[in-house]
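Here is what each chain is made of, one letter per residue.
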Amino acid sequence: MKFQIECNTDKINKICLICQQNFQTHEARLIVCNDQGEGYGDICYKCIANGGSWVQSQLQQFSHQLLALK
Ligand SMILES: [Zn+2]
């Protein structure tokens with residue numbers, strides 16, 4: 001599980017991977033992807049504002065859920 005920051009010119013409506021809220025992307029997107037570079041989804045700016053370690057711990061829970069689904 002890693003982060004990828006992408007520059008973005010369009011405003012796109014996305015659903016945050018962590019809080020499940022709709023948000024509109026700004027000029028930079030934070031995308032969560034696996035080691036193969038496949039994207040899982042975007043993280044909203046409110047969640048990013050909570051800080052890197054908070055986001056990391058939320059994503060850890062998310063990756064446990066993913067593993068449980070397999
Ligand atoms: Zn969020």
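Anything mentioned here points back to the structure above.
Rules used in this analysis
- Residues numbered from 1 in each chain as written.
- Predicted model: local features only at pLDDT ≥ 70, side-chain atom pairs only at ≥ 80, totals over all residues.
- Heavy atoms only, no water.
- Pairing = 2+ DSSP bridges.
- Helix = DSSP H or I, 4+ residues; strand = E, 2+ residues; numbered from the N terminus.
- Axes fitted to C-alpha atoms, helices over the stretch in contact; angles between N-to-C directions.
- Phe/Tyr/Trp six-rings, centres within 6.5 Å; stacked < 30°, edge-to-face > 60°.
- Buried < 20%, exposed > 50% of the residue type's maximum accessible area, 1.4 Å probe, protein only.

A.B. asks: I'd love a proper account of the sheet that holds strand 4 (residues 28-33), names of residues and values included.
C.D. replies: Hydrogen bonds between backbone atoms are what pair the strands of a sheet, whose relative direction is either parallel or antiparallel. Taken in spatial order, the three strands of this open sheet run 1-4-5, and their pairing is antiparallel. Both outer strands of the open sheet, strand 1 (2-7) and strand 5 (39-43), are each paired with one neighbouring strand and no more. With direction set aside, neighbouring strand axes in the sheet form an average angle of 35 degrees. Note: strand 4 against strand 5, four bridges, orientation antiparallel.

A.B. asks: Any chance you could break down the packing of aromatic side chains for me, citing the residues and the numbers?
C.D. replies: The final tally for this structure, using the stated rule, is one aromatic pair. Relative to Y45, the ring of F23 lies with its centre 5.8 Å away and its plane at 85 degrees, an arrangement referred to as edge-to-face. Of this pair, F23 sits in strand 3 (residues 22-24) while Y45 sits in helix 1 (residues 45-49), placing them 22 residues apart in sequence. Under the relative-accessibility criterion, Y45 is labelled partly exposed at 26%.

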